[in-house]
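Here's the letter readout for the chains.
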Amino acid sequence: MIHTLDLPECVHFHNCGANRSKTLERLVQVLKTKGCGEINNSHIGNNETLAGWVHRRRDHGNLIFVDLRDRSGIIQVVFNPDLSPQSHKISQQLRNEWVIQVTGTVNPRPDGTQNADLTTGTVELVSEQIKVLNTSKTPPFYINEDSEIDEFIRLKYRYLDLRKQNMKKILSIRHQVVKFMRDFLDQREFLDVETPILIKSTPEGARDYLVPSRLYPGKFYALPQSPQQLKQLLMVGGIEKYFQIARCFRDEDPRADRVVELTQLDVEMSFVDEEDILALIEELYSSLVKTLFPNKKLMTPFPRMSYKDAMDTYSTDKPDLRFELKMSDVSKSVTNSEFKVFSSTIAKGGIVKGFSAPRCAGYPRRQLDDLVEFVKTKGANGLIWIALAGESGDLDNLTVEQIKSPASKFLSVETVKNIAASTGGGIGDLIFLIAGDDKSTNLALEALRNEMGRRLDLADPDMLAFAFVTDFPLLEWEDDSNSWTAMHHPFSSPKDGTEHMLNTSPESVIAKQYDLVCNGVETAGGSIRIHQRNIQEKVFELMGHSKEGIQEQFGQLLDALEYGAPPHGGFAGGIERLLMVLTGINNIRDVIAFPKTQTGVDPLFQAPGIASEGQLKELHLKTTEE
RNA sequence: GGCCCCGUGGUGUAGCGGUUUUAACAUACUGGCCUGUCAAGCCAGAGAUCGCCGGUUCGAAUCCGGUCGGGGUCGCCA
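Residues numbered from 1 in each chain as written. Chains lettered and ligands numbered in written order. Predicted model: local features only at pLDDT ≥ 70, side-chain atom pairs only at ≥ 80, totals over all residues. Heavy atoms only, no water.

(A) Structural detail: the overall build of chain A. Assigned secondary structure in chain A consists of 17 helices and 24 strands. The principal-axis extents of the C-alpha atoms in chain A amount to approximately 90 × 80 × 55 Å. The buried share of chain A, taken over its 626 residues, is 48%. Considering only residue pairs separated by 6 or more positions, chain A has 68% of its internal contacts joining residues 24 or more positions apart. About 32800 Å² of surface is accessible on chain A, with carbon and sulfur atoms providing 50% of the total. (Helix = DSSP H or I, 4+ residues; strand = E, 2+ residues; numbered from the N terminus. Buried < 20%, exposed > 50% of the residue type's maximum accessible area, 1.4 Å probe, protein only. Contact = heavy atoms within 4.5 Å. Areas by Shrake-Rupley, 256 points an atom, 1.4 Å probe, with all protein chains shown as cover.)

(B) Highlighting the protein's contact with RNA strand B. Every one of the 52 residues lining RNA strand B counts as a neighbour, but Arg 56, Asp 82, Thr 113, Arg 255 and His 488 are closest to it. A distance of 3.0 Å separates a sugar or linking oxygen of RNA strand B from a polar backbone atom of Ala 486. Separating a phosphate oxygen of RNA strand B from a side-chain N or O atom of Gln 598 is a distance of 2.9 Å. Looking at the surface near RNA strand B, the elements with two or more residues in it are strand S1 (47-59), strand S2 (64-70), helix H2 (151-156) and strand S21 (483-486). For the surface near RNA strand B, a count of residues per class yields 15 nonpolar, 18 polar and 19 charged. (Near = heavy atom within 4 Å. Polar contact = N/O pair within 3.5 Å; in protein donor to acceptor, adjacent residues only side chain to side chain. Nonpolar A, V, L, I, M, F, W, Y, C, P; charged D, E, K, R; others polar.)

(C) Geometry of a nonpolar patch on the surface. Judged by side-chain polarity, Val 30, Leu 31 and Leu 133 come together as a nonpolar surface patch covering roughly 290 Å² of accessible area. Tracing the chain through its elements places Val 30 in the segment before S1. Val 30 sits in the exposed class, given a relative accessible area of 76%. (Patch = residues over 30% accessible without salt bridge, like charges linked within 9 Å, V, L, I, M, F, W, Y side chains within 5 Å. Salt bridge = Lys/Arg side-chain N within 4 Å of Asp/Glu carboxyl O.)

(D) Main features of a negative patch on the surface. A cluster of acidic side chains, namely Glu 476, Glu 478, Asp 479 and Asp 480, defines a negative patch on the protein surface. Locating Glu 478 in the fold gives a position in strand S20 (residues 475-478). (Lys, Arg positive; Asp, Glu negative; His and termini not counted. Charge placed at Lys NZ, Arg CZ, Asp CG, Glu CD.)

(E) Geometry of the pattern of salt bridges. Under the defined criterion, the tally for this structure stands at 40 salt bridges. The partner of Arg 455 in a salt bridge is Glu 451, with the nearest N and O atoms 2.9 Å apart. Here Glu 451 and Arg 455 lie together in helix H12 (residues 438-455), a separation of 4 residues that amounts to about one turn. Here Lys 495 makes a salt bridge to Asp 471, at a shortest N to O gap of 2.8 Å. Of this pair, Lys 495 sits in the loop between S21 and helix H13 (501-504) while Asp 471 sits in the loop between strand S19 (466-470) and S20; the two residues are 24 residues apart in sequence, bridging distant segments of the chain. Taken together, the shared-partner salt bridges in this structure form one network comprising Arg 154, Arg 158, Asp 161, Lys 164 and Asp 590.

(F) Examining the environment of Leu 458 more closely. Along the chain, the position of Leu 458 falls in the loop between H12 and strand S18 (463-464). Exposure remark for Leu 458: the relative accessible area of 33% places this residue in the partly exposed category. Each C-alpha atom, one on Leu 458 and one on Arg 533, is 48 Å from the other, the two residues being 75 residues apart in sequence. Once residues lying within four places of it in the same chain are set aside, the contact partners of Leu 458 are Arg 322, Phe 323, Leu 325, Met 452 and Gly 453.

(G) Main features of the sheet that holds strand S15 (residues 384-388). Judged by pairing direction, the sheet is antiparallel, and its 5 strands sit side by side in the order S13-S14-S17-S15-S16 without closing on themselves. The open sheet is flanked by strand S13 (327-329) and strand S16 (403-404), the only strands paired with a single partner. Pairing between S15 and strand S17 (residues 430-436): 4 bridges, direction antiparallel. The partner of Ile 384 across the bridge, within S17, is Leu 433. (Pairing = 2+ DSSP bridges.)

(H) Structural detail: helix H14 (residues 533-542). Of all 10 residues that make up H14, 7 are buried, and the element is covered over most of its length. For H14, every residue scored as buried is listed here: Arg 533, Ile 535, Gln 536, Glu 537, Val 539, Phe 540 and Leu 542. In the core, the buried residues of H14 are packed alongside S20, S21, H13 and helix H15 (547-561). The positive-phi residue at the C-terminal boundary of H14 is Gly 544, with phi of around 90°.

(I) Structural view of unusual backbone geometry. Omega for the bond connecting Thr 300 with Pro 301 falls within 30 degrees of zero, at -5°, which places this linkage in the cis form. Secondary-structure assignment places Pro 301 in the loop between strand S11 (297-298) and strand S12 (304-306). A cis amide bond links Ala 607 to the next residue, Pro 608, at an omega of 0°. Counting through the fold element by element, Pro 608 comes out in the loop between helix H16 (575-583) and helix H17 (613-618). The phi dihedral of Phe 271 falls on the positive side, at around 60°, and the residue is not glycine. Position of Phe 271 relative to the elements: it lies in the loop between strand S10 (261-270) and helix H6 (274-292). For Phe 271, a relative accessible area of 55% gives the class exposed. Notably, Asp 457 is not glycine yet its phi reads approximately 55°, a positive angle. Here Asp 457 is to be found in the loop between H12 and S18. Relative accessible area serves as the criterion here: at 64%, Asp 457 is assigned to the exposed category.

(J) Representation of the packing of helix H5 (residues 228-236) against H15. Where H5 contacts H15, the two axes come as close as 10 Å, and the packing angle between them is 20°. One finds that H5 runs roughly parallel with respect to H15. The two elements H5 and H15 cross, and the hand of that crossing is left-handed. The residues of H15 that touch H5, namely those facing Gln 229, Gln 232, Leu 233 and Val 236, are Phe 554, Gln 556, Leu 557 and Ala 560. Residue classes in the contact of H5 with H15 are distributed as 5 nonpolar, 3 polar and no charged. (Axes fitted to C-alpha atoms, helices over the stretch in contact; angles between N-to-C directions. Parallel < 35°, antiparallel > 145°, perpendicular 65-115°, else oblique. Left-handed = near helix turned anticlockwise from the far one by under 90°.)

(K) Just the environment of Lys 241, in detail. Secondary-structure assignment places Lys 241 in strand S9 (residues 241-249). Looking at Lys 241, the relative accessible area reads 26%, which means it is partly exposed. Apart from the residues lying within four places of it in its own chain, the contact partners of Lys 241 are Arg 188, Glu 189, Phe 190, Leu 191, Met 235, Glu 268 and Met 269. Only 3.0 Å separates the side chain of Lys 241 from the backbone oxygen of Arg 188, close enough to count as a polar contact.

Written out as structure tokens, the structure reads:
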């Protein structure tokens, strides 16, 4: 029994890991005295031993130059037959990616031969001794220059791809970001607690990855989609402040910004309300950026908007706030329009909504046609554009001749004026409108807004426009299942005093739920959780679960809530998403050391692989032909 | 599960209005020359039956169908 043990005194727990040993010496690497990229003018005259990969070799017959690369950078090594015939002879054999160790003197480069592109460009290592540590086959793609390589080949040879300076830089950034998070939370007395990878399937959410049980035929573990219930149980367990860099698994089709196996910063606290969590998130993310990316611009304090305002104004719950382009619902202006696309849409209960692109009245027809096609691929039926031709002027003086639109003959000047006033468009601007049902219209408008932001180059690439979106509805009606479904997840708490509305008008219950968005990406999300069994059960019931089903699927959590569960809440932040925003990299696989393809394949290990008959038998599994 | 795009020497591309294409170019690769280059340069050489299968045709890298692989996207991702 652990309470009978006399536990050793550790440093008081809030100090654990906070102090790094001052006496910790730099790790000595036996085969080299310095990193290639560390050498500079201060080392001139020193005798150094370097080791790394042959980045490039330039053979002048007598004089041979080798760019030697290791993680720290690149330095030029000179092989001079007059100074060291032995090493010059060996250097003739060298090829790209061979691994060598070179000992020599750091010399200043002769005047006029300095290379400003290298951090070590003012010096060079003059080889006195060289040892080939390993040879290399010719790599399947360039490591010493940047060019577009088929991603599958890059992944198949990921260990070579990672040798590129950019990839090493990304992994270094990832390390620093995660380390910052750990240190930040450690300093605030959060405990890093690991939770199981093999747990149990829960019916909500994404498809689970299943692991067959050898000991229990026909039963399966599931990999966690997130440690949600576990961290809530840690709160019941009195941990009070928990965090984890947690791996999460969701068996859904990947996208450019989505992978099946992702990493989250998972945080949970007890005895807190929304404001405490929001303050923590803001402090964490803003100090992370200020410390690690001092050149990035932030808007602090982070702007906040309600879910409703975000949807109304930006047609999305994850707006890119680096640029304006605000939406307006013009349904009222066009309810009785002769233009059937508008009037019939509204008659069917749909909306007409759009925004104005400033100074774009002269936007080329061809590009407009492209945009029409673009929104169709995003689920809209079409796109109506209205260009208000002219340099400038008062909207009141708008004339029929100035209105350029495929719908112009159906739209009166008065209607266009109303639409323009509503969308904030003026003479010289271009108005985009989409008609359709609420959901698909907003989806297409979000895509169009981001597309126009890109085309018009409206977003400052150095800006990190963090913002909070709050006040999400707790539930939304789902026609397919004919039941309520949790908008975020079923554990979010209703706002204080609104619990009774769960019985009367579930749709109007607002949750203590928040997202952190940045540049159009959802980077984190969380909520204050329900900590009372009856309310949690009520939410599950609304979601169409039976009493028995609830106990079967969520019994562990519900039971725990009955044993003095403290009020608690937290958040989870996607590490890959954050790295994409921080680095500007659009491909999520580029911020992961060993990612899978969009079809869930690991080209390097060729996973998933087939299991042997013996393995299947042990697991009580039989495979069938499709 | 639907839709769109891509697949040509090691890599990246061109060729795709059907037959002088003996599949071109760059780079990488191999050999030679060369003492200050840094994407070194110069000379020479080797290397792809055009993802795979089938069809149309006198003739297919090229057109058609299927299939496999990759990317993007909708569904899905509480």
